[in-house]
Amino acid sequence: MSVELCITSNFTFLTGAAHPEEYAAKAAELGFEAFAIADENSVAGIVRAHVELREIARHVRDRATALAEYGPIGPPLPAGHPHRLAPILTCVPRLLPAVTLALRCGSRVLALPRDRAAWGRLSRLLSRGRLRVDKGSCDLGLEDLLELGAGLELLLHPPRDLPVPGGAGGGWPQAERLARRFPQACAVLLTPQYDGQDRPRFAAIAALAAHLGLPTVAACAPVLHDARRRKLADVLTAIRTGCKVADLGRAAQVHAEQRLRSPAEMARIFAGHEDALAHARTIAGRIGFSLDQLRYDYPSETRDGETALERLTQLVQAGLSWRYPGGAPDKVHAQMAHELRLIGKLNFAPYFLTVHDIVDFARSRGILCQGRGSAANSVVCYLLGVTSVSPEIGTMVFERFVSEARNEPPDIDVDFEHERREEVIQHIYQRYGRHRAGLTATVIHYRGKRAVREVGRAMGLSEDTLGAMSSQIWGWGGGAGSAISRMREIGLDPDDPRLMQTMALVQDIQGFPRHLSQHVGGFVITQDRLDELVPIENATMEDRTVICWDKDDIDALGILKVDVLGLGMLSCIRKGFDLVALHHRRDLTLASLPPEDPAVYDMLCRADAIGVFQVESRAQMNFLPRMKPRCFYDLVIEVAIIRPGPIQGDMVHPYIRRRNGEEEVRFPSDDLGQVLGKTLGVPLFQEQAMQIAIVGAGFSPEEADRLRRSLATFKKHGNVSEFRTRFLKGMAKNGYDRDFAERCFGQIEGFGSYGFPESHAASFALLVYASAWLKCHHPGIFACALLNSQPMGFYAPAQIVRDVRAHGVEVRPVDVNASFWDSVMEPDGRGGLALRLGFRQIKALKEEDITWLTAARGNGYRSLADVWRRAGVPPRQIARLAEADVFASLGLSRREALWEARAITAEKPLPLFEGDLDGEGILERAADLPQMTLGEEMVEDYVALRLSLRAHPMGLLRETLTPGWRVAAMLGSHQ
C-alpha cells in the first residue's frame, strides 16, 4: 500500500483533467492507503472526493452484507463503474485534505493540516489571500505562511533551477526560512517529469534537501486519473492559454505518464529513494484531520437568559393566536408539540430563529417574502410567518423537512422581492459580520454550447462551424448516432477526423467545472469564525463575499444554509397590495386574501392568465381549461404537473382522463392507494415517488432518499442500475407485475431531475392564487404592478397593456405633466381608475433624471424649454422624451418636440436661436414639418416605448390580407 500526496483535480480550473470523485474511485481500485487532493490555492473540490469515498465505503458494507445473506444481487456492474470494486475492496483509502499554495515570490508549497485547528489556520490563510484581490485570484506571501502555518505539513516544490548546495547563488532562502520556523514539518517533494532525467534530478533534489536538513517525500503529482484523459488535458491547457492545441508546443502533455500511479509503479519510479516513499506514509500517518470533523456551531440566538428553544417556543405560541384567532385545532397543537420536540432534540432551534429574524427584518421594511420548499411542511414555519401555506394542505409531513433518521439539516428557502433582496443580504452581513456569514458558491460546469465553442476553438475549428454545431446542441443527447445524424443535417462531415475528435472531447469535458460563481442566495452563518471553517473570497458583485463550497458540498458536511432568494412576482404582488391600499383603502397580505374565490377560478378556467405566476406559459394556459381548477389544491397540482418530470413520465394525460371521468381510478394495492389517492392514482410529486419506493418496493426511508439523490445526478454517477434492480425485485416480491414496476421506476427517474415536491408546489400555488386574485378583481392595478416590476415573466409590456385594455381598463400614454417613473393609477373620470404609463417604459432613460423632472414639475411644465430650464434634464434625455411623444399634452407633436429638443445644448440654445428663448418656448417661425402617418407613429412608439396605444400592428395590414381571411371578432358567429 502507498500514498499519493500531490494530486491536481479539475478544480485547479483548466489544468487538472479528472474529477475528484474519479481520483477517489481510482485510488480505491489501486489499493492506496491515503491520497491528497491538492489544488492550487483552493479546497473547492475536496468535498466531492470525500463524498465519493463515503459512498464507496457504504457500498462495500452493503454489498458485503448482501453477498453474505442473499448471494449476488443483480448483474455485475460495468467496467469503469466507481462502485464495481465494492465486493473486492478490503479497505477504503483516506482522503487527506490539502492545498498547493502558490506564493507571490514564485515558491509552491503543498500544505496538509494535521488537525482541526490547523485546518482553521489554513482556511484563514486562503481567505486572507483571496480577500486581497478580485474574485478568482489569490495573493499570498511567505510572511502569511510563516504566520499561519503552525500545525501544517509543508511539502516544498523544488524550484525549476535547482540551487547548488553551498553555492554562491544564495541557496533557497524560502525553504530555509520555513525550515527554521517549522523544523519538524517541512520536507522537499520528489516529483517525476518523465523526461529521461528523473534519476539525476532526484539525486540533485535529495542533495539539496540534505543540505537544508530536510527529508524528501515521493509524489507522482498526477493531473490525470487515467491515460485516456491526456488529449483533454491538452485541450484544457489550450483553453487556459488562449491558443490552439496545435500551437501548444512544450506546454502540451508529451505523454500520458502524469497520471495516478499504482503503488507498484511508484516503487519502480522511486527506486533508490525508498526513504521518500516511506516518509510519505509517515506524513499520512500524522494527519489526523478529516472533513467529518467539520462540525460548527450555529449562532446561538439566545437572549436575556432564554435558551434558543425557549425563545422559539414563545414565538410559536404567539403565532397560534395570530394564525388561528378562533382557536387552533387539536391536530395543529399536536403537530406543533411534535415539531418543537424534534427541533429541540436535533438542536435546530437557533436555525429557525435566524430565519424568523431575517423574515421579521424584511417585514419591518415592508418587503414581501414567502418561504417555499419543504418549509411548507412545518407548522412551526407557518406559525413563525416564514411561510403562508398551512401544512394541513395536501399530504405533507414534517419528516420530509426535518428527519432524525436522515440526520440532515433543514433547508429553508425564503423568496423576497427581487428588487429589494439586496437589503436583506446586507442586513445579514451587518448583523453577523463578514467573518461569520458568506454566500455559498455555485460551480459552473461545461455544458452544451460553452463546451462546443471552447473545445472547438482549441481544436482549431472555424467560427461558422462552431456556430452550426452549437445551434444543434439540443440534439446531442441521443448518443453517437444522434450526433452524427445532426452533423450531417447541418452540412458537416462526421467522418472528418478533426470533427470526430472534437465531438469526443466535447463529450469528455461535459460536467467539468469551469469556474466558481456565487449561489443565488444561500447563506452559511456561524457562531464563530466562518473563515476557520471554509475559505472566503470576494464575489464579483460589490459588497459580497462567498465561500468556495456549493450547496451539495455543505449539505454533505451537515452545514446549515439559509436561502435568501429573489422572486419578481413578490415585487409585483407587494406593489399590487400597495395600490389596492392606496386606491381602495383595503390592506391585504398573502395570509388575508379571501380564500377560494369562485371568480378567480372561473378566470383561470378560461385560461385568462397572462401575467399570473407560474400558469402564464403557453403550456399552462393550454392545460388550464382541461384541468378546470376549482380549489387551492387544484392549483398545487397545476403547478406541479406541467413539468418535465410528469410530462416525460406520461402522467399528464392519465391524470386528466381520470379527473374527467374518462378513465377508472384504480390502485394497484390499498397501500399505494393511500399514497396516490389525492392525485387519482398518478404520482405527481417527489414525495409520492419516494413513497412508492418505500411502500411498493420495500425501501427504507434512507434508501428512498439515496435513490432520489442518485437519480438527480444519475448521468454523472451512473449507479442507477443498482437501484433499478433493487426496486424491481422489491416490487416483484410485494406482488406487483413487472410492467407496473418498470413504469413506476421510469416515473421516479423523471422526478429525480425534474419533479416538484408537493410542499414547493403548495408555496408557489399561493402566489398563483394571489396574482390571479389581483388580476381578477383589480386588472388595472395588477397590470400596473407588472409593468413596475419588469423585467419578469413571459410577456412583454406591449402584451400586458393589450391584455389589460381587453379587460376594459383605460391605458394612458406617458405624459411629461402626468407621469412618474413608475406607472400609476389615476381617476378615469367615470368613477374608475385608468392606468398611466410611467417614464420607465422609455428606453435608455435614467431614473435619477426623471426624479428631478417630477420633483421640479410643480403645477406643470408649459413648454419643452421649461423642462430643460427647471428640471435640468440633459438635452440628450429631453430628445429621448421627445422621441417617446411625452409632450403631446403641450400641443407638440413628436416631430415638433424633437425639432425643439435639437435646439438645446448642454449650456445654452444654439447660436441660431440665441436670445429667442422665453417662458413660452423658442420664438421662431414654425417649421413646416410633415405630419407622421399612423404607421410611422406606431413604429416610433415601439422604438421608444416597446409598445403603442394607437392600434395593433396587424390593424394596418388587415385591408391588404387575402379576402378569405377572417378577423378574430368574426369567429364567434361561425362556431
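Remember, predicted model here, so these are calculated numbers, not experimental data.

1. Concerning the overall build of the chain
Phase 1 of the analysis: Scanning the chain for helices and strands turns up 40 helices and 20 strands.
Phase 2 of the analysis: A total of 975 residues make up the chain; the buried ones form 55% of that total.
Phase 3 of the analysis: Here the analysis covers contacts within the chain between residues at least 6 apart in sequence; of these, 73% occur between residues at least 24 apart.
Phase 4 of the analysis: Split by element, the accessible area of the chain, about 42,500 Å² in all, is 51% carbon and sulfur.

2. Focus on the sheet that holds strand 14 (residues 545–550)
Phase 1 of the analysis: Pairing within the open sheet is mixed, and its 7 strands lie in the order 9-10-15-12-11-14-13. The open sheet has two free edges, formed respectively by strand 9 (369–372) and strand 13 (536–538), since each of these has just one partner strand. The average undirected angle you get between the axes of adjacent strands in this sheet is 45°.
Phase 2 of the analysis: Seen against the sheet, helix 3 (residues 116–131) touches strand 13 and strand 14 and runs at an angle of roughly 5° to strand 13.
Phase 3 of the analysis: Sheet strands in contact with helix 12 (residues 349–364) are strand 9, strand 10 (411–417), strand 12 (513–525) and strand 15 (561–567), and its direction is about 5° off that of strand 10.

3. Here we look at the packing of aromatic side chains
Phase 1 of the analysis: Per the counting criterion, the structure on display carries 12 aromatic pairs.
Phase 2 of the analysis: Ring centres of W119 and W549 lie 6.3 Å apart, and the angle between their planes is 15°; on these two criteria the pair is classed as stacked. Remark: W549 occurs in strand 14 and W119 occurs in helix 3; sequence separation between them is 430 residues.
Phase 3 of the analysis: Aromatic rings pair up to connect W119, F289 and W549 into one cluster.
Phase 4 of the analysis: The ring of W322 has R323 sitting right over it, with the charged end atom 4.1 Å from the ring centre.
Phase 5 of the analysis: Sitting above the plane of the Y633 ring, K678 keeps its charged end 4.3 Å from the centroid.

4. Remarks on helix 20 (residues 568–584)
Phase 1 of the analysis: With 17 residues, helix 20 extends 24 Å between its outermost C-alpha atoms, agreeing within 8% with the 24 Å of an ideal straight helix rising 1.5 Å per residue.
Phase 2 of the analysis: Along helix 20, 12 of the 17 residues are buried, which leaves the element largely enclosed by surrounding structure.
Phase 3 of the analysis: For helix 20, every residue scored as buried is listed here: G568, M569, L570, S571, C572, I573, R574, K575, G576, F577, L579 and V580.
Phase 4 of the analysis: The elements touched by buried residues of helix 20 are strand 9, strand 10, strand 15, helix 32 (758–777) and helix 33 (779–788).
Phase 5 of the analysis: Looking one or two residues past helix 20, R585 carries a phi angle of roughly 55°, positive in sign.

5. Observations regarding unusual backbone geometry
Keep in mind that most residues, glycine aside, have a negative phi and that most peptide bonds are trans.
Phase 1 of the analysis: Here the bond from Q790 into P791 is cis, since omega is 0°, no more than 30 degrees from zero.
Phase 2 of the analysis: Tracing the sequence through the fold places P791 in the loop between helix 33 and helix 34 (797–806).
Phase 3 of the analysis: Here the phi dihedral of A221 falls at roughly 50°; this positive angle occurs in a residue that is not glycine.
Phase 4 of the analysis: Locating A221 in the fold gives a position in the loop between strand 8 (216–218) and helix 7 (230–241).

6. Quick look at the environment of Q799
Phase 1 of the analysis: With respect to the helices and strands, the residue Q799 is situated in helix 34.
Phase 2 of the analysis: Between the alpha carbons of Q799 and L947 there is a distance of 8.3 Å; along the sequence they are 148 residues apart.
Phase 3 of the analysis: In terms of polar contacts, Q799 uses its side chain to reach the backbone amide nitrogen of A796, at 2.9 Å.

7. Observations concerning the pairing of strand 10
Put simply, side chains in a regular strand alternate between the two faces of the sheet.
Phase 1 of the analysis: Extensive coverage of strand 10 is indicated by the burial of 6 of its 7 residues.
Phase 2 of the analysis: Pairing of strand 9 with strand 10, which is carried by 4 bridges, proceeds in the antiparallel orientation. Following the sheet pairing, G371 is matched in strand 10 by V414.
Phase 3 of the analysis: Strand direction decides the pairing type here: strand 10 and strand 15, joined by 7 bridges, are parallel. When the sheet's bridge partners are listed, F416 is paired in strand 15 with G566.

8. Concerning the side chain of R836
Phase 1 of the analysis: Among the secondary structure elements, R836 is positioned in strand 18 (residues 833–836).
Phase 2 of the analysis: Judged by its relative accessible area of 11%, R836 falls in the buried class.
Phase 3 of the analysis: Within the local environment of R836, its side chain forms a polar contact with the backbone oxygen of P813, the two atoms lying 2.8 Å apart.
Phase 4 of the analysis: Once residues lying within four places of it in the same chain are set aside, the contact partners of R836 are R812, P813, D815, A818, S819, S823, V824 and E826.

9. Quick word on the pattern of salt bridges
Phase 1 of the analysis: A full pass over the atoms with the stated rule returns 60 salt bridges.
Phase 2 of the analysis: Among the ionic pairs, E147 bridges to R128, the shortest N-O distance being 2.9 Å. Highlighted residues: E147 in helix 4 (residues 142–148) and R128 in helix 3, separated in sequence by 19 residues.
Phase 3 of the analysis: E147 gets classed as partly exposed once you look at its relative accessible area, which sits at 48%.
Phase 4 of the analysis: Classification of R128 by relative accessible area gives partly exposed; the value is 24%.

10. Focus on helix 5 (residues 173–181)
In an α-helix, one turn spans 3.6 residues; hence positions three or four apart end up facing the same way.
Phase 1 of the analysis: Buried within helix 5 we find A175, L178 and A179. All buried residues of helix 5 lie within an arc of 100° about the axis, which places them on one face of the element.
Phase 2 of the analysis: Its buried side turned inward, helix 5 meets strand 5 (108–113), helix 4, strand 6 (152–156), strand 7 (186–190) and helix 6 (198–212).

11. Re the sheet that holds strand 2 (residues 34–37)
Phase 1 of the analysis: Reading across the sheet, the 3 strands line up as 1-2-3 and stay open at both edges, with parallel pairing between neighbours. Both edges of this open sheet fall to strand 1 (3–7) and strand 3 (94–95), since each of them pairs with a single strand only.
Phase 2 of the analysis: Two elements, strand 1 and strand 2, share 3 bridges in a ladder whose sense is parallel. For V3, the partnering residue across the bridge sits in strand 2 and is A34.
Phase 3 of the analysis: Of the strands in this sheet, strand 1, strand 2 and strand 3 are in contact with helix 9 (residues 274–286), which crosses strand 1 at around 85°.

12. A short note on the nonpolar core
Where a protein is soluble and globular, its nonpolar side chains tend to be buried together.
Phase 1 of the analysis: By size, the foremost hydrophobic cluster in this structure holds 126 residues, and its most contacted members are L101, L178, L312, F352 and W549.
Phase 2 of the analysis: With 9 residues, the top contributor of residues to this core is helix 12.
Phase 3 of the analysis: The residues touching L178, leaving out its near neighbours within four places in the chain, are V109, L142, L145, L146, L154, L156 and C186.
Phase 4 of the analysis: Counting 103 residues, the second-largest nonpolar core is a separate cluster that includes L593, F623, I641 and M792.

13. Some thoughts on the confidence of the model for the chain
Phase 1 of the analysis: Confidence along the chain averages 85 in pLDDT terms, with 86% of residues attaining 70 or more.
Phase 2 of the analysis: Every residue in residues 713–718 is under pLDDT 50, and counting partners more than four places away or in other chains gives 9 contacts.
Phase 3 of the analysis: With pLDDT under 50 throughout, residues 909–915 is counted as low confidence; its partners more than four residues away or in other chains account for 10 contacts.

14. Here we look at the pairing of strand 7
Phase 1 of the analysis: Within strand 7, 5 of the 5 residues are buried, leaving the element largely enclosed by the surrounding structure.
Phase 2 of the analysis: Two elements, strand 6 and strand 7, share 3 bridges in a ladder whose sense is parallel. Counterpart to L155 in the pairing with strand 7 is A187.
Phase 3 of the analysis: Relative to strand 8, strand 7 runs parallel, the two sharing 3 bridges. Note on strand 8: the bridge partner recorded for L190 is A218.
Phase 4 of the analysis: With helix 6 bridging strand 7 and its parallel neighbour strand 8, the resulting β-α-β unit is right-handed.

Scoring rules and cut-offs
Residues numbered from 1 in each chain as written. Predicted model: local features only at pLDDT ≥ 70, side-chain atom pairs only at ≥ 80, totals over all residues. Heavy atoms only, no water. Helix = DSSP H or I, 4+ residues; strand = E, 2+ residues; numbered from the N terminus. Buried < 20%, exposed > 50% of the residue type's maximum accessible area, 1.4 Å probe, protein only. Contact = heavy atoms within 4.5 Å. Areas by Shrake-Rupley, 256 points an atom, 1.4 Å probe, with all protein chains shown as cover. Pairing = 2+ DSSP bridges. Axes fitted to C-alpha atoms, helices over the stretch in contact; angles between N-to-C directions. Phe/Tyr/Trp six-rings, centres within 6.5 Å; stacked < 30°, edge-to-face > 60°. Lys NZ or Arg CZ within 6 Å of the ring centre and 35° of its normal. Expected span 1.5 Å × (residues − 1). Polar contact = N/O pair within 3.5 Å; in protein donor to acceptor, adjacent residues only side chain to side chain. Salt bridge = Lys/Arg side-chain N within 4 Å of Asp/Glu carboxyl O. Arc of directions from axis to C-beta. Core = buried A, V, L, I, M, F, W, Y, C linked by side-chain atoms within 4.5 Å. pLDDT = per-residue confidence, 0-100. Right-handed = clockwise from strand over helix to strand, strands pointing away.

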